[in-house]
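Spelled out, the chains give:
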Amino acid sequence: DVHSIRQTLQLLTVVAPLLLGASAVLAINPVADDARPAPALAVADVVKIQLEALRHNDAQDRGIALAFRFASPSNQLNTGPLPRFARMLKDGPYALMLHFTHASYDPPQIVDREAVQRVTVVASGSAALIFVFYLSRQSAPGPLHNCWMTDAVRIEPIPGTQAKSRSHSDQV
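### Quick notes on the nonpolar core
Line of reasoning, step 1. Among the nonpolar cores identified, the biggest contains 35 residues, and L51, M97, F131, F133 and L135 are the most heavily contacted of them.
Line of reasoning, step 2. Looking at this core, the elements with two or more residues in it are α3 (43–55), α4 (62–69), α6 (82–90), β3 (114–122), β4 (128–137) and β5 (148–157).
Line of reasoning, step 3. Considering every element that reaches this core, the biggest residue donor is α3, with seven residues.
Line of reasoning, step 4. Setting aside chain neighbours within four positions, we find F133 in contact with V47, Q50, L51, M97, A115, V116, Q117, V119, T150, A152 and V153.

Okay, structure coming up:
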């Protein structure tokens, strides 16, 4: 019955990350409402969580809300509140991150408490951009201490593709 299936899915959402890591949660529910920054998440996990959430964004913008949750406090101050962040993603070149068809992840480059990861995102119609994620491990005391969070995302156009950014300094 539907109730049993719902209970099983809820249990899997809780147990899967413990057994298999953050990627398992995304396979079950890419916009899991309970996904939160955690010190155990690696740089690549955070970037993938954000992009998969945006890829599977729904009518209630739960994917955008999840991506915003993994933005660093300083990034949230610059791009928030959430409705403003949602508008930024839906308009212009960042819209390519919503419902894309394929992503190719370069290995993250990590130096001390800072990291950079480039991701090539391809949308239908072969439009593509490189999104460069800049992350830092949070040092302030509190629930985000030692969590990797996104400070900015910059765009690098790919020569010869359809998607164009306004400038190389565009960032979320």
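The structure having been displayed, the exposition proceeds.
### Details of the side chain of Q50
Line of reasoning, step 1. By secondary structure assignment, the location of Q50 is in helix α3.
Line of reasoning, step 2. There is a polar contact of 2.9 Å between the side chain of Q50 and the backbone oxygen of A67.
Line of reasoning, step 3. When near neighbours in sequence (up to four residues on either side) are disregarded, Q50 contacts A67, F70, A71, F133 and T150.

### Remarks on α3
Line of reasoning, step 1. Relative to the 18 Å expected for 13 residues at 1.5 Å per residue, α3 spans 18 Å between its end C-alpha atoms, a close match to the ideal helical length.
Line of reasoning, step 2. Every buried residue belonging to α3 is among V43, V46, V47, I49, Q50, L51, E52, A53 and L54, and all of these are buried.

### Considerations on the confidence of the model for the chain
Line of reasoning, step 1. Per-residue confidence for the chain gives a mean pLDDT of 82; residues scoring 70 or more make up 73%.
Line of reasoning, step 2. Within the chain, helix α2 (residues 22–28) has the poorest average pLDDT of any element, 43, and strand β2 (residues 109–111) the best, 98.
Line of reasoning, step 3. Low pLDDT (under 50) marks residues 1–28, which in the prediction has 20 contacts with non-local residues, meaning those over four places away or in another chain.
Line of reasoning, step 4. With pLDDT under 50 throughout, residues 163–170 is counted as low confidence; its partners more than four residues away or in other chains account for 18 contacts.

### Brief notes about the environment of L51
Line of reasoning, step 1. Positionally, L51 belongs in helix α3.
Line of reasoning, step 2. Judged by relative accessible area, L51 falls into the buried class, the value being 0%.
Line of reasoning, step 3. Here the alpha-carbon distance between L51 and V121, two residues 70 residues apart in the chain, equals 9.3 Å.
Line of reasoning, step 4. With residues near it in sequence (within four places) discarded, L51 still touches M97, F100, Y105, V119, V121 and F133.

Definitions and limits used
Residues numbered from 1 in each chain as written. Predicted model: local features only at pLDDT ≥ 70, side-chain atom pairs only at ≥ 80, totals over all residues. Heavy atoms only, no water. Core = buried A, V, L, I, M, F, W, Y, C linked by side-chain atoms within 4.5 Å. Buried < 20%, exposed > 50% of the residue type's maximum accessible area, 1.4 Å probe, protein only. Helix = DSSP H or I, 4+ residues; strand = E, 2+ residues; numbered from the N terminus. Contact = heavy atoms within 4.5 Å. Polar contact = N/O pair within 3.5 Å; in protein donor to acceptor, adjacent residues only side chain to side chain. Expected span 1.5 Å × (residues − 1). pLDDT = per-residue confidence, 0-100.

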